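Single-letter residue listing:
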Amino acid sequence: HSTPGTSEETVVHKWLRFHFGLYGSVRANELARAKSGNKKGDWKDPTPRLIVHFDGGGFLVFYNCRMTWCSCPFVEPTCDILCPEFDKEKALRALSQPRPVCITLMDQSIFSGVGNIIKNEILYLARVHPLSLGSFLPVETLVALIDHAVTFTADWLNNKMKRKALHYHIYMKEQCENGHQVVKEAIGPTFGLKRLTWYCPICQKLAKSGDAVPLALE
């Protein structure tokens, strides 16, 4: 819409932001085939929240999601791990705090785009125990964890776009790639959502006090 009162009217664009959470989904050119055996998000809530029709005849159907109007397409570019403006130093400072790294990785105000599967995978790739306190980990390990977060998520997106399956290293596995028994545990903040976490207690050693070098960032 336009804002009057100036010599040149200012055009204000509004964006519709979608939050899909755990079960939200979007379908192109088809409606849901909702049934209990369908693991897609639409069976959780088979009533469309929004249907967008295009001039060419195609349409998009959004299920089980929250929608809000906003003035910007980005929540915060510096927190989006796939955005060129992603602030790795801010992420590093957050990870270095004395709380379990698996909880920090799920903080969308810092690591927007990291979901539960990605969390499991990158912790294993970096050989970090999910309950290790960030303040106990060496800076090099934290940096590697951030790099894995960016790389793994980008690879996931590229494979999704090409309809290719992504190889999981630890998620939903009974044994790790080295043949060790995998532990499955619900982990989360004291007052908050507990998320299923898979990890190898042998490959991913729990960090102890004294393992880290103090982090000094301006």
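See above for the structure.
Residues numbered from 1 in each chain as written. Predicted model: local features only at pLDDT ≥ 70, side-chain atom pairs only at ≥ 80, totals over all residues. Heavy atoms only, no water.

1. A word on the pattern of salt bridges
In step 1: Under the criterion given, the structure shown has three salt bridges.
In step 2: Here Glu30 and Arg27 are joined by a salt bridge, their closest N and O atoms 2.7 Å apart.
In step 3: Given a relative accessible area of 30%, Glu30 falls into the partly exposed group.
In step 4: Using a relative accessible area of 9% as the deciding quantity, one classes Arg27 as buried.
In step 5: As a salt-bridge pair, Asp107 and Arg99 come within 3.4 Å of each other at their nearest N and O atoms. (Salt bridge = Lys/Arg side-chain N within 4 Å of Asp/Glu carboxyl O. Buried < 20%, exposed > 50% of the residue type's maximum accessible area, 1.4 Å probe, protein only.)

2. A closer look at the sheet that holds strand S4 (residues 25-28)
In step 1: Overall, antiparallel pairing links the three strands, which are arranged S4-S6-S5 in an open sheet. Both edges of this open sheet fall to S4 and strand S5 (50-53), since each of them pairs with a single strand only. Taking the axes of each pair of neighbouring strands and ignoring which way they run, one obtains an average angle of 15 degrees across the sheet.
In step 2: Relative to strand S6 (residues 59-63), S4 is paired through four bridges, and the arrangement is antiparallel. Its bridge partner lying in S6, Val26 is registered against Phe62. (Pairing = 2+ DSSP bridges. Helix = DSSP H or I, 4+ residues; strand = E, 2+ residues; numbered from the N terminus. Axes fitted to C-alpha atoms, helices over the stretch in contact; angles between N-to-C directions.)

3. A closer look at a nonpolar patch on the surface
In step 1: On the surface, a nonpolar cluster with roughly 300 Å² of combined accessible area is contributed by Leu16, Met67 and Trp69.
In step 2: Within the secondary structure, Met67 sits in strand S7 (residues 66-70). (Patch = residues over 30% accessible without salt bridge, like charges linked within 9 Å, V, L, I, M, F, W, Y side chains within 5 Å. Areas by Shrake-Rupley, 256 points an atom, 1.4 Å probe, with all protein chains shown as cover.)

4. Concerning the state of the cysteines
In step 1: Taken as a whole and assessed by the stated rule, the structure comprises zero disulfides.
In step 2: Here Cys79 stays unpaired: no disulfide links it, and the sulfur of Cys83, its closest cysteine neighbor, is 9.9 Å away.
In step 3: Since its relative accessible area comes to 5%, Cys79 is described here as buried.
In step 4: Cys176 forms no disulfide, and the closest cysteine sulfur to it belongs to Cys203, at a distance of 3.8 Å. (Disulfide = S-S within 2.5 Å.)

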